[in-house]
Each structure stands twice: as structure tokens, then as C-alpha cells.
Amino acid sequence: MTALVSTARTAGKDRGTAVRVEGVSKRFRLYQERNQTLKAAMMRGGRATYEDFWALRDVSFEIPTGGVFGLIGQNGSGKSTLLKCMARILTPDEGRITVDGKISALLELGAGFHQELSGRENVYLNGSILGLTRKEIDRKFDEIVDFAGLDHFIDTPVKNYSSGMYVRLGFSVAINVDPDVLLVDEVLAVGDEAFQRKCDEKFADLRDAGKTIVVVSHSLSTVRTMCDEAAWLEHGVVKEIGVPGLLIEKYVENTHVERVAAEHGGSQWGSGEARVEKVELLDEHGAPVLRVRAGAPATLRFHYQTQGPIVKPVFGFGIHRIDGTHATGVNSRETIVPDRIEGTGHVDFAMASLPLVQGSYDVTVAVVDDSNLHTFDYRTKALRFDVGSGRPREAEGVFAIDGRWSFED
Amino acid sequence: MTTLAEYRASRELLGNLTQRELRGKYKRSALGWAWSLINPLALALMFTFVFGVVFQARLAPVGNTDLEGITAYPLFLLCGLLPWAFLANGVNGGIGALVANSNLVKKVYFPREILLGANTLALLVSLLIEMSVLGVALLLFGNIWLQFLPLILVVIALQSVFVTGIGLLLSALNVYFRDVQHFVGIGLQLWFYATPVIYPITLLDNIADREFLGISLLTFYKLNPMTAFVEMYHQMLFFLQWPDWELFLYATFCSFAMLAFGLYVFKKLEPRFAEEL
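Rules of the game
- Residue numbers restart at each chain and count upward from 1, following the sequence in its written direction.
- Going through the entries in the order they are written, you letter the chains from A and number the ligands from 1.
- pLDDT decides what is reported in this predicted model: residues at 70 or higher carry local features, side-chain atom pairs at 80 or more are listed and counted, and totals for whole chains, interfaces and linings draw on all residues regardless.
- Segments assigned H or I by DSSP are reported as helices when at least four residues long, segments assigned E as strands when at least two residues long, and all are numbered from the N terminus.
- Taken over C-alpha atoms, the radius of gyration is set against a globule rule of 2.2 Å times the number of residues to the power 0.38.
- As a rule, residues whose C-beta atom has 12 or fewer other C-beta atoms within 10 Å are exposed, those with 20 or more are buried, and those in between are partly exposed; C-beta atoms are placed from the backbone.
- Note that contacts rest on C-beta atoms placed from the backbone: two residues are in contact if these are within 7 Å.
- In this description, strands pair whenever DSSP reports at least two bridges between them.
- Working convention: axes come from line fits to C-alpha atoms, limited for helices to the stretch in contact. Angles between N-to-C directions cover 0 to 180 degrees.
- Working definition: roughly parallel below 35 degrees, roughly antiparallel above 145 degrees, roughly perpendicular at 65 to 115 degrees, and oblique for all remaining angles.
- Crossing handedness: left-handed means the near helix sits turned counterclockwise from the far one by under a right angle, and right-handed means the same turn made clockwise.
- Charged residues are taken to be Asp, Glu, Lys and Arg, nonpolar residues to be Ala, Val, Leu, Ile, Met, Phe, Trp, Tyr, Cys and Pro, and polar residues to be all remaining types, Gly included.
- Values of pLDDT, ranging from 0 to 100, describe the predictor's confidence in every residue of the model.
- By our criterion, buried Ala, Val, Leu, Ile, Met, Phe, Trp, Tyr and Cys residues that link up through C-beta atoms within 7 Å make up a nonpolar core.
- How far each domain reaches was decided by an automatic or database domain assignment.
- Here the expected span of a helix is defined as 1.5 Å times the quantity of residues minus one.
- Bending is quantified residue by residue as the angle between axes fitted to the seven-residue window ending at that residue and the seven-residue window starting at it.

Draft legend 1. Fine view of the overall build of chain B. Helices and strands together make up the secondary structure of chain B, namely twelve helices and two strands. Ordered by position from N to C terminus, the α and β elements of chain B give α-α-α-α-α-α-α-α-β-β-α-α-α-α. For 277 residues, the compact-globule estimate of 2.2 N^0.38 gives 19 Å, and the C-alpha radius of gyration of chain B, at 20 Å, lies within 12% of that figure. Dimensions of chain B, computed from the C-alpha atoms along their principal axes, are close to 55 × 50 × 35 Å. Counting across all 277 residues of chain B, residues that qualify as buried make up 40%.

Pasting the structure below:
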């Protein structure tokens with residue numbers, strides 16, 4: 001999801017309530033053995049063995065009218081269940097949800113498309129499923145087809161559509177319902193770049209028109225850039241509600257998987273006269289850590305051990321994002337080359353502020369001779385560490401460019 | 001709770017879902033809509049052959065009709081067979097209405113009853129076409145039934161209510177117990193032979209004096225609401241006489257009772273449809 005340009009946050013005052021969630025609990029039955037046949041039901045005296053699982057427990061909050069509201073939480077935290085309850089697909093066991101205005105849910109795109117029918121017929125069918133009248137669809141038909149970019153294929157049966165076309169048409173119908181409250185579940189990432197941009201614009205339009213959008217997403221950056229407010233759910237309970245920036249920070253802090261210094265499948269080669277035994281990441285206080293904030297001071301420390309004296313060794317390291325993107329690589333040749341090292345010791349690389357954006361990174365380290373012809377040691381993935389959000393809080397790409405904004409009339 | 005306003009708003013959806021059923025049904029088949037007629041015609045031919053030719057049964061119905069000979073039986077048969085097919089298809093389609101549309105039920109909110117309504121409506125359209133063809137055939141053979149047209153339409157409407165009621169009941173149960181559809185397969189067979197579709201009800205006069213628990217077997221037989229429906233169609237279309245009013249009242253009662261019961265069960269089970277499917 002590319003970032004929405006619109007960053008104007010509506011003031012939290014003078015707004016009504018779009019969705020009111022009051023004491024909502026939802027129980028699912030986890031069947032050990034499901035009585036889906038009558039025989040099974042009768043043999044067990046009508047009782048299936050199941051356990052109750054509370055997907056939501058006494059959830060209460062209000063979503064103000066206008067703006068984008070995010071729901072975040074880990075898998076199984078109940079956020080999708082809550083969204084389905086709002087969409088009235090699921091019925092809460094306790095409590096109630098009141099929605100002010102017309103509601104539309106983007107839970108699955110193209111749900112209810114009939115394979116044998118043409119795109120045109122499906123637009124009308126799907127539109128009416130989503131609550132549009134024939135007249136409204138007539139009026140919006142061109143816009144819908146145009147938005148989906150399907151002019152030539154609109155009279156082709158949808159079974160001949162590519163999955164991209166199918167989803168685009170589904171999205172296009174759903175977004176054109178013109179709801180007061182739009183519920184979106186993880187479907188933002190459909191289509192190619194160009195379609196993405198159109199979607200973003202559409203969301204921005206809705207938001208500018210004072211509509212309410214409720215988004216469930218795993219993509220924290222989506223929530224961060226889109227939402228005015230967010231709720232964090234954990235095990236079916238609302239943990240906290242607040243401004244996305246701070247909330248996400250706490251959320252990440254809280255749910256961050258503690259990284260144990262472990263091998264990450266790196267490889268090692270070299271002649272072995274000198275070896276890097278260990279790579280450490282130190283925070284501003286000099287304590288070894290596996291997680292630092294973006295923009296915070298940090299030091300990389302390389303512990304070495306040699307067999308005999310090594311003349312003019314050059315230390316170098318590279319940092320890769322865990323998806324393999326090469327973020328940076330530097331060596332000590334141009335700055336400082338010690339005449340000789342022997343035994344054990346360490347070399348430090350200190351950074352006044354770590355320029356990486358949040359994410360996980362691997363460190364590759366090498367010790368070579370001055371001529372760069374001889375490699376003593378080369379270790380990939382010698383250390384894996386995480387960068388949390390810090391300064392800047394919002395950044396994309398690999399590294400956070402340093403600079404200063406200024407504005408003059 | 002689904003409100004009346006919502007039903008009104010869903011009228012278009014009902015129309016569109018009905019169209020989807022109708023269009024989807026015969027898409028990509030060369031004969032298309034003709035199948036809707038071929039099926040009952042084939043059945044009529046088959047029964048005529050088995051009972052009229054093989055068994056040499058004296059099935060030619062007697063009564064206020066000019067029809068006789070070899071044409072009488074197939075026409076008589078179709079008068080009951082078409083409404084029966086409406087019921088049977090309605091029940092079979094109704095059972096699967098929720099399960100077959102589970103992707104919709106799980107992802108979009110709309111009054112779920114609409115699915116059953118669309119099922120009935122789509123079949124009703126087929127029935128009306130089939131009945132029109134039969135009606136023309138009857139006229140060509142000299143059975144002038146047109147004076148009964150308004151009442152026939154009322155009876156068809158009543159039967160639609162009845163079929164929808166059964167559909168609501170069975171579709172909801174089928175979400176929880178998939179055996180329902182198998183039971184119903186057998187049940188429909190029994191029901192078919194317990195209804196005077198392929199034979200005239202007068203054939204049963206000989207069981208009128210047999211009793212069970214002090215009640216005539218014929219009375220039990222007539223408790224079957226489909227007997228009332230089929231009899232009314234026979235009386236009006238074939239025998240050209242006004243139906244017995246007690247049949248009409250009984251059919252009316254059964255239809256609305258079935259709808260109320262079906263709707264009650266449906267509403268009871270509805271809250272968990274999305275998660276049980």
C-alpha cells in the first residue's frame with residue numbers, strides 16, 4: 001500500500017458516532033467432533049463435543065463519524081471477527097453494535113459473482129447484493145467499469161477474467177456503493193501499482209466526504225499513514241485506543257518477538273588466520289542489544305581472534321535487509337588500517353544515529369588484507385538485529401535520508 | 001432482526017438473484033429453456049407408456065371432461081406433474097440455497113431469506129411458462145378452462161408460499177445437518193406416490209371404508225397438503241369444475257402455516273449461519 005498523501009487529520013471534536021460497540025462478546029464453538037450428520041448427532045445424544053472460544057470479550061468503544069479508524073492486533077486477536085460483527089455477518093452473543101448510516105463491507109471482492117454471467121450482469125447482481133438500487137447502478141455503471149479498467153471485457157463471462165480483473169471489478173463495485181461506513185479487511189492490496197493509486201485516491205475521497213472507514217490490517221504502515229485513530233485488540237479484548245503513531249509503537253514494543261542471538265543460516269569462508277568470532281550491536285550506553293530505534297546512536301563491534309600476527313588487516317561489513325536488499329557496505333581501508341593485530345580484540349564502528357528504517361537486518365562481516373587479494377575471514381549473516389520505529393517515525397525504503405524541512409511563504 | 005423496510009429495500013436483490021438463477025440455469029446449453037418443458041414431457045410420456053400401455057390400466061379419469069382416449073391421460077398427468085415438479089425442484093433447490101451460496105452468506109450481509117425467495121421465484125417463472133404451454137395444449141384439445149384462470153393463479157401463488165416455507169425450514173436445518181438433503185430425496189419419492197399425480201384420486205375410493213384408529217384412511221391421505229393442491233389443479237384444468245372450497249381453505253391454511261413455521265425455525269438458526277457454513 002503506498003502512502004496516502006492526505007495527512008490532514010480531522011479534529012476530534014464535534015463529530016457524531018458512526019459505530020458504537022457496546023459490550024460485544026462473540027463465542028465460537030471449536031468442535032472436536034462435528035455433528036454434521038444426523039447419525040453422529042443421535043449417537044452422541046445430540047451433543048457435540050466442543051469447546052467455547054471467546055473471540056471477543058466485552059468489547060466496547062465508539063468510532064467517530066468521519067475519518068479512518070484502524071483495528072490492529074495479531075492473528076486471532078478478534079479484529080476480523082469484530083469487523084464481521086459490524087458488517088452483521090456474524091451476530092454477537094452478547095452486547096450490540098449500532099451503526100449510523102449505510103454500511104458496506106469489503107471483506108471479499110467479487111463474493112457472489114456468478115461465473116457464467118458477464119461482467120455487466122455481475123455488476124448489477126453484486127451491486128444489489130451490496131444494497132444498490134438498479135437506478136443507482138445505472139448511474140454509476142460507467143464509473144464502475146472505468147474504475148476497474150475493463151471496458152473491453154465487460155460483456156465477457158467473469159469466468160474468463162484473470163484474477164486481477166475479477167478482483168478489480170469486485171472492488172470497483174464495492175467502493176462505488178457510497179456507504180456512510182466502509183469496512184475494509186486486508187483487501188487494500190489488489191491490482192497493480194496504477195490500480196493501487198486509484199484505490200488510494202478513492203479512499204481519500206471518501207474520507208474527505210466525511211465518510212467513516214474502518215480498516216483491519218496487518219500492515220502497520222498502512223494503518224499509520226491512513227488512520228486517524230486505531231484500536232489495538234489482543235485476545236479478543238481492546239488493549240488500547242489512540243492515535244496510530246503512538247499506539248503502533250506500543251504495539252510493536254509489546255508484541256515484538258524477542259530475538260535470540262542465533263545463527264541465521266549464514267556461511268563462513270576464508271583462510272582463517274584471522275577470524276571474526278562475534279559481532280555485537282551496542283546501544284548508546286554500550287550495552288549489547290538486538291534491537292535499536294531508528295535514528296538512535298549505535299555501534300557495531302567485531303570481536304576477532306588471530307593465529308599469529310596479521311599485518312595491515314582491513315575490516316569491512318555489509319548490512320542487508322532480511323529480504324536480501326543490500327542496504328550498505330563499508331570498510332576500514334580508507335579511514336584506519338592498523339599496522340598489525342595479534343591475539344584477541346575488537347574493532348568498533350560507531351554511528352551517531354542509525355540511518356536505517358524500521359525492519360530486520362543481517363550483518364555480513366569480512367577481514368581481508370590491505371591488497372584486498374587475500375580473505376582471512378568472510379561471514380554472512382553474522383548478526384541479525386531489528387530496527388524499531390524512532391526518528392523518523394514514518395519512513396519507507398531502506399535508509400532514512402537525513403535532512404531538514406523548511407518552509408517559506 | 002430483519003425489518004419490513006429491509007425487505008422492501010431487498011426487492012431488487014430478490015429480482016437480481018432470481019435472474020441469476022434463471023440465467024445461470026440454462027446458460028451454455030443448446031436447448032436452453034426448452035429443457036424446462038422437455039423434462040415434464042419426458043416424464044409424462046414415460047408414465048403414459050408404463051401405466052397406459054404396459055399395465056393397460058384404466059386410468060382415463062372420469063368426470064366433467066370431453067377429453068378421452070389416448071390424449072386424456074398424458075394431459076391429466078401434466079396437470080398434476082407440473083405443479084409437482086415445482087414443489088420437488090423448490091424443495092431440492094431450497095435445501096441447498098444456503099450451502100450453495102455460502103461464499104455470499106459468509107462475506108456479505110443481506111436478509112438471507114432472499115435466497116429462498118429467489119429460488120421459489122425462479123422456479124415459479126418456469127412453472128408459469130410450462131403451465132402456459134400446457135394450457136394452450138388443453139385449449140387445442142377442446143378443454144376450455146379459461147374461466148378458472150384467476151383462481152388458478154391464486155392457487156399457484158399459494159403453492160409458492162408453501163414451497164418457500166418448506167425451503168426456509170429445510171435450508172436452515174441443512175446448514176447444521178447435511179443429511180437433510182438425503183432424507184429429503186427419499187421423502188420426495190414417497191410423497192410423490194402419496195399424492196394423486198399419476199392416478200386420479202377416485203382410484204382411492206376403495207380405501208375409503210378402511211379405517212385406522214377409527215379414521216378413514218382416505219382422511220389421512222387427504223391431510224397431505226399436496227393432495228389438496230394437485231386436486232385443485234385437476235379439478236380446474238382438467239375437469240373444468242370449481243374446486244371444493246374445503247380443499248382451498250386447507251391449502252391456504254397449510255401454506256401460511258408452513259411459511260410461519262419455516263420462517264420461525266430459519267430465524268432461530270440464522271445467527272450462526274455464517275460460522276456453521
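Having put the structure on the table, let's press on.
Draft legend 2. Broad picture of the interface of chain B and chain A. At the junction of the two partners, chain B supplies 22 residues and chain A supplies 27 residues. Take the side of chain B that touches chain A: its biggest share by element is six residues, from helix α2 (residues 11-25) of chain B.

Draft legend 3. Quick peek at helix α3 (residues 119-129) of chain A. The buried fraction of α3 of chain A is high, at ten of eleven residues. If you check which residues of α3 of chain A are buried, you get Gly119, Glu121, Asn122, Val123, Tyr124, Leu125, Asn126, Gly127, Ser128 and Ile129 of chain A. Considering only its buried residues, α3 of chain A is in contact with α4 (134-148) and α5 (163-175) of chain A together with α2 and α5 (102-107) of chain B. Two residues or fewer past α3 of chain A, Gly131 of chain A is found with a positive phi of approximately 100°.

Draft legend 4. Molecular detail of the sheet that holds strand β6 (residues 181-185) of chain A. Residues and elements named next belong to chain A. Spatial strand order, β5-β6-β7-β3-β8-β9: six strands in an open sheet with mixed pairing. Lying at the two open borders of the sheet, with one neighbouring strand each, are β5 (103-106) and β9 (237-242). If you compare each strand with its neighbour and ignore which way they point, the axes differ by 15° on average. The sheet contact formed by strand β3 (residues 67-72) and strand β8 (residues 229-234) spans four bridges and is parallel. Note that in β8 the partner of Gly70 across the bridge is Ala230. Here helix α2 (residues 79-86) sits on the sheet and contacts β3, β6, β7 (212-216) and β8; the angle it forms with β7, its principal contact strand, is near 145°.

Draft legend 5. Representation of the sheet that holds strand β19 (residues 344-351) of chain A in the model. Residue and element names in this part refer to chain A. Judged by pairing direction, the sheet is antiparallel, and its four strands sit side by side in the order β12-β11-β14-β19 without closing on themselves. Every other strand in the sheet has two partners, leaving β12 (288-289) and β19 as the edge strands with one partner each. Alignment of strand β14 (residues 298-306) against β19, held across eight bridges, turns out to be antiparallel. In the strand pairing of β19, Tyr304 is matched with Gly345.

Draft legend 6. A look at the packing of helix α3 (residues 34-54) of chain B against helix α4 (residues 72-100) of chain B. Residue and element names in this part refer to chain B. Here α3 crosses α4 at 130°, and the two axes come no closer than 9 Å. In this view, α3 runs oblique relative to α4, as classed from their interaxial angle. Crossing of α3 over α4 shows right-handed handedness. Contacts from Pro40, Leu43, Ala44, Phe47, Thr48 and Gly52 of α3 reach α4 at Tyr73, Pro74, Leu77, Leu78, Leu81, Leu82 and Ala85. Considered class by class, the residues forming the contact of α3 with α4 number eleven nonpolar, two polar and no charged.

Draft legend 7. Spatial organisation of the pairing of β7 of chain A. All names here are of chain A. Counting buried residues along β7, five of its five residues qualify, which places the element largely inside the surrounding structure. Neither face of β7 is left uncovered, since the one carrying Thr212, Val214 and Val216 and the one carrying Ile213 and Val215 both have all their residues buried. Here β3 pairs with β7 via five bridges, running parallel. Across the sheet, Leu71 pairs through a bridge with Val216, a residue of β7. Alignment of β6 against β7, held across five bridges, turns out to be parallel.

Draft legend 8. Molecular detail of the confidence of the model for chain A. Counting all residues, the mean pLDDT for chain A is 82, and 88% of those residues have values of 70 or more. Within the model, pLDDT remains below 50 along residues 1-13 of chain A, and this stretch shows 20 contacts once partners closer than five positions in the same chain are excluded.

Draft legend 9. Geometry of the environment of Asp155 of chain A. All names here are of chain A. In this fold, Asp155 is placed in the loop between α4 and α5. Among the residues examined, Asp155 registers 10 C-beta atoms within 10 Å and is labelled exposed. Along the backbone, Asp155 and Arg120 are 35 residues apart, and their C-alpha atoms lie at a distance of 5.8 Å. Sequence-distant contacts of Asp155, that is, excluding residues within four places in its chain, are made with Ser118, Gly119 and Arg120.

Draft legend 10. How the structure looks around the nonpolar core. Grouped together as the largest cluster of nonpolar side chains are 138 residues, with contacts concentrated most on Leu71, Met86, Ala87, Leu183, Val214, Val215 and Ala230 of chain A. The dominant element in this core, judged by the number of residues it contributes, is α4 of chain B, at 17 residues. What Leu71 of chain A contacts, discounting residues up to four positions off in sequence, is Lys79, Leu82, Leu83, Val214, Val215, Val216, Ala230, Ala231 and Leu233 of chain A.

Draft legend 11. A look at the domain arrangement of chain A. Looking at the assigned domains, one finds that chain A contains domain 1 (17-255) and domain 2 (268-388). Spacing between the C-alpha centres of domain 1 of chain A and domain 2 of chain A amounts to 46 Å.

Draft legend 12. Local environment of α4 of chain B. Residues and elements named next belong to chain B. Between its terminal C-alpha atoms α4 stretches 40 Å, which fits the 42 Å expected from 29 residues at 1.5 Å a residue. Largest kink in α4: about 25°, centred on Cys79, with the proline Pro83 one to four residues after it. For α4, the buried fraction is high: 22 of the 29 residues fall into the buried class.

Draft legend 13. Spatial organisation of the environment of Ile95 of chain B. Within the secondary structure layout, Ile95 of chain B lies in helix α4. For the pair formed by Ile95 of chain B and Val133 of chain B, sequence separation is 38 residues and the distance between their alpha carbons is 28 Å.

Draft legend 14. The arrangement of the pairing of β9 of chain A in detail. Residues and elements named next belong to chain A. Where β8 and β9 come together, five bridges link them in antiparallel fashion. Along β9, the bridge assignment pairs Trp232 with Glu240. With antiparallel pairing between neighbouring strands as the criterion, β8 and β9 make up a hairpin whose turn holds two residues, including His235 at a positive phi of roughly 50°.

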